[in-house]
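# Coordinates in review
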Amino acid sequence: MSAVSAADRQAAAEAARRRTFAVISHPDAGKSTLTEALALHAHAITSAGAVHGKAGRRGVASDWMEMEKARGISVTSAVLQFAHRDAVLNLLDTPGHADFSEDTYRVLAAVDCAVMLIDAAKGLEEQTRKLFDVCRHRGIPVITFVNKWDRPGRDALELLDEIESEFRLRPTPVTWPVGDAGHLRGLIDVREPERMLRYTRAPGGARAAAEESVPADRAAAEEGADWARAIEELELLRADGAEHDQGSFLAGKSTPVFFGAAVSNIGVRLLLDAVVDLAPPPGARELAGGGSRPVDAPFAGLVFKVQANMDRAHRDRIAFMRVCSGVFERGTTVIRAASGKPFATKYAHSVFGQDRSSVDVAYPGDVVGLVNATALRVGDTLYSGKPAAFPPMPTFAPEHFAVARPADIGRSKQFRRGIAQLDEEGVVQVLVSDLRGEQAPVLAAVGPMQFDVVAHRMEHEFSAPVRLEPLPYHVARATDAAGADALNRTRLVTGEGLVRSRDTTHLALFPSRWQADSFAREFPGARLETLIAAHT
Ligand code: G4P
């Protein structure tokens, strides 16, 4: 099986056209607006208009979960596919709330690039920082879009300084605004500085502003001081060497920067072009045992998200899989690496919110929703031909813990089934404490809102309302038998601070980092390993 088959060659050609990316931002920076603008500007392949939005907004909310609606947050992830020029773009949605950062991390495991969206008035915000850390950790190149330039905001150079000093990421503007935030006259594409792109909003009318190319001399005459200042700033930047460099961008050392206003479609086309021209296509993917799987190898895919009950009418379970190599063909039987067992791909869909349509063929970079995939788990590899297994998804260090018990003892069976299901989906981590046993599992979460999701779903989907008793722990460390022993003896924590995860790793739980460090000093022989932090 050494020769590359025609289908695998086709996979390589199709992979070269794919750009799979996510938009990361702090809530309210304009992610939904930008997603919508991108999809409308390009040609949405999947259900047009069904962009993930906030409750009540333009009637496009993904409202499979009432809680999501009530809180105006997106808990679920959707995938939107659209075409721009010759490229096929896959835009994966990430949850906006920090409490779901583990989920975001998994989604980011399935993209090749991220667009970091910044509110011009607010600059870098808490969630931008956390998400950027994830991108850095995963080595994902980042394109920056400074949004809301139609509103008063910060100085452009100051924003660049902030990115550079806080993220140690060199900002290299590809577009530059003429006029301050709130006083946007146009944009200069630094690759074509002999003209200005002017945007005019139709009075009282269409959301999308019309784009006009204005020659430099006319722009200078018409925009006066704004134009002169923009040119001066660009010269400053050039002298400083802040020019886009593809190598350093791909290495995660620099970020091309774009300015615009998603709400009026300003700068959106240039951003789309950048995703096509700068973002990397799917490439060879690292394997767990070393080596990598090239895109023209036989089919292999990574399950990065499992979601149950997206469709209330069907009560099903969807595993979202990113194709990493080869051609995925619906109906073929592939192998699940974790078990070595065959998996039939009869029900493969493209999924967007509640809309689905069958997918017959998918290429590297594409995301397929496998319906009723009860056997699949987050982090699973599926393959055909030469075996492959991608590295396991890291588990985040939980910071919130609670004991779960059935509110109604008569519904213990439903309780166990529900908890097991939520565990498999990765909604929370389910731990077992020897003290409490299996009937009172310890739930561990990165953010407390995960518990709200558990409580809501246990009640509404599994008809097994839960009682959640918070535990006074905030720090978890992986330990071993010696550590477990020491833990049981120490006076700092009681036996309650010891739990086991599903893969039987011992976890030592402490009220604070101080207690964890002090324990480590007292028992230097005990293994006490920091888990991957949600945000470092
Ligand atoms: P999110 O998904 O990141 O949370 O943000 P979302 O798109 O919902 O945008 C948050 C708010 O910012 C919305 O206003 C939206 O209209 C506004 N917005 C987004 N992009 C721009 C922009 O380029 N310029 C300006 N001026 N505003 C922008 P809202 O009042 O919360 O909702 P709406 O009633 O306007 O839809």
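Definitions and limits used
Residue positions within a chain follow its written sequence, with the count starting from 1. Since the coordinates come from a predicted model, pLDDT governs what is reported: local features require at least 70, and pairs of side-chain atoms require 80 or more to be given and counted, while whole-chain, interface and lining totals use all residues. The basis for every side-chain value is the complete set of heavy atoms in the structure, and neither hydrogens nor water enter the calculation. Interaxial angles span 0 to 180 degrees and are taken between N-to-C directions of axes, which are lines fitted to C-alpha atoms, for helices over the stretch in contact. The numbering of helices and of strands both runs from the N terminus, where a helix is a DSSP run of H or I of at least 4 residues and a strand a run of E of at least 2. In this scheme, roughly parallel covers angles under 35 degrees and roughly antiparallel covers those over 145, while 65 to 115 is roughly perpendicular and the rest are oblique. By definition in these notes, contact holds between two residues if any of their heavy atoms fall within 4.5 Å. Polar here means any residue outside two lists: the nonpolar Ala, Val, Leu, Ile, Met, Phe, Trp, Tyr, Cys and Pro, and the charged Asp, Glu, Lys and Arg; Gly therefore counts as polar. By this rule, a helix spans an expected 1.5 Å times one less than how many residues it contains. For each residue, the accessible area found with a 1.4 Å probe, counting protein chains only, is set against the maximum for its type, and the residue is called buried under 20%, exposed over 50%, and partly exposed in between. Residues enter a nonpolar core if they are buried and are Ala, Val, Leu, Ile, Met, Phe, Trp, Tyr or Cys, with the set joined through side-chain atoms within 4.5 Å. Note: two strands are recorded as paired if DSSP finds a minimum of 2 bridges between them. pLDDT is a residue-level measure of predictor confidence that goes from 0 to 100. UniProt positions are given in the numbering used here, feature names are shortened, and annotations may be inferred rather than shown by experiment. Any pair of nitrogen or oxygen atoms within 3.5 Å is treated as a polar contact; in protein, a donor-acceptor pairing is required on top of that, and neighbouring residues in sequence qualify only through side-chain atoms on both sides. A pairing counts as a salt bridge when a side-chain nitrogen of Lys or Arg comes within 4 Å of a carboxyl oxygen of Asp or Glu.

The subject of this paragraph is the packing of helix 2 (residues 31-41) against helix 10 (residues 268-277). Two numbers describe how helix 2 lies on helix 10: the axes approach to 10 Å, and their chain directions differ by 80 degrees. Classed by the angle they form, the pair helix 2 and helix 10 counts as roughly perpendicular. Residues L34, A37, L38 and H41 of helix 2 pack against V268, R269, L271 and L272 of helix 10. Among the residues making up the contact of helix 2 with helix 10, the classes are represented as six nonpolar, one polar and one charged.

This part takes up helix 11 (residues 412-425). For an α-helix, 3.6 residues make a turn, and residues three or four places apart therefore share a direction. In a regular helix each residue adds 1.5 Å, so 14 residues correspond to 20 Å; helix 11 covers 20 Å between its end C-alpha atoms and thus fits that length. Listed in full, the buried residues belonging to helix 11 are F415, G418, I419, Q421, L422, D423 and E425.

Here we take up the nonpolar core. Counting residues in each nonpolar core, the largest one holds 58 residues, and the members touching the most others are F21, L34 and F82. Sort the elements by how many residues they give to this core and helix 10 lands first, with seven residues. Dropping the residues within four chain positions of it, F21 is found in contact with L38, F82, L89, N90, L91, L92, V111, C113, V115 and V275. In terms of nonpolar packing, the next biggest core, distinct from the first, is built from 38 residues, A22, V107, M116 and L124 among them.

Time to look at unusual backbone geometry. Of note, K148 is a non-glycine position whose phi angle comes to about 65 degrees, a positive value. Among the structural elements, K148 can be located in the loop between strand 6 (142-147) and helix 6 (156-167). On the basis of relative accessibility, which here comes to 18%, the residue K148 falls in the buried class. In the Ramachandran plot, R168 falls in the positive-phi region, its phi being about 50 degrees despite a non-glycine side chain. Following the sequence through the fold, R168 ends up in the loop between helix 6 and strand 7 (170-173). Using a relative accessible area of 64% as the deciding quantity, one classes R168 as exposed.

As a further point, take the sheet that holds strand 27 (residues 442-445). An order of 26-27-25-28 is seen for the four strands of this open sheet, with the pairing classed as antiparallel. Two strands lie at the open edges of the sheet, namely strand 26 (429-431) and strand 28 (466-471), each paired on one side alone. Taking the axes of each pair of neighbouring strands and ignoring which way they run, one obtains an average angle of 35 degrees across the sheet. Taken strand by strand, helix 11 contacts strand 25 (400-406), strand 26, strand 27 and strand 28, and its axis lies near 150 degrees from that of strand 25. Packing against the sheet, helix 12 (residues 449-460) makes contact with strand 25, strand 27 and strand 28, and its axis sits at approximately 130 degrees to strand 27.

Here helix 5 (residues 126-138) contains 13 residues, and its C-alpha end-to-end distance of 19 Å stays within 8% of the 18 Å for a straight helix at 1.5 Å per residue. Among the residues of helix 5, those classed as buried are Q127, T128, K130, L131, F132, V134 and C135.

Now for the environment of L270. By the secondary structure assignment, L270 is in helix 10. Owing to a relative accessible area of 4%, L270 belongs among the buried residues under this scheme. Expressed as a C-alpha distance, the spacing of L270 and F259, which sit eleven residues apart in the sequence, is 9.3 Å. Leaving out residues up to four positions away in the same chain, L270 has contacts with T175, L187, D189, R191, L197, Y199 and F258.

Across the protein chain, pLDDT averages 84, with 85% of residues at or above 70. A low-confidence stretch, residues 47-77 (pLDDT under 50), is modelled with 86 contacts involving residues beyond four sequence positions or located in other chains.

What the four strands build is an open sheet, ordered 30-31-29-32; its pairing is antiparallel. Two strands bound the open sheet, and with one partner strand each, they are strand 30 (498-500) and strand 32 (528-530). Across the sheet, the axes of successive neighbouring strands diverge by a mean angle of 40 degrees, strand direction being ignored. Across three bridges, the pairing between strand 29 (residues 475-479) and strand 32 is antiparallel. Within the sheet, the bridge partner assigned to A478 lies in strand 32 and is E529. Where helix 13 (residues 481-489) meets the sheet, it contacts strand 29, strand 30 and strand 31 (506-510), and its direction lies at approximately 35 degrees from that of strand 31. Of the strands in this sheet, strand 29, strand 31 and strand 32 are in contact with helix 14 (residues 513-522), which crosses strand 29 at around 30 degrees.

This next bit is on the UniProt feature "binding site: GTP" (unreviewed entry) in the protein chain. Here, UniProt's "binding site: GTP" (unreviewed entry) annotation points to D93, T94, P95, G96 and H97. Here D93 is to be found in the loop between strand 4 (87-92) and helix 4 (101-108). Assessed through its relative accessible area of 12%, D93 is described here as buried. A distance of 2.9 Å separates polar atoms of two side chains, one belonging to D93 and the other to K31.

Right, let's talk about the side chain of R293 for a bit. Considering the arrangement of structural elements, one finds R293 in strand 14 (residues 292-293). Side-chain polar atoms of R293 contact the side chain of S325, separated by 3.2 Å.

So, on to the pattern of salt bridges. In total, this model carries 34 salt bridges according to the counting rule given. With a shortest N-O distance of 2.7 Å, E162 and R154 are connected by a salt bridge. E162 gets classed as buried once you look at its relative accessible area, which sits at 15%. The class of R154 is partly exposed, set by a relative accessible area of 21%. We note a salt bridge from D189 to R191, for which the minimum N-O separation is 2.8 Å. Owing to a relative accessible area of 6%, D189 belongs among the buried residues under this scheme. Classification of R191 as partly exposed rests on a relative accessible area of 46%. Residues joined in a network through salt bridges with shared partners are R185, R198, E212, R218, E222 and E223.

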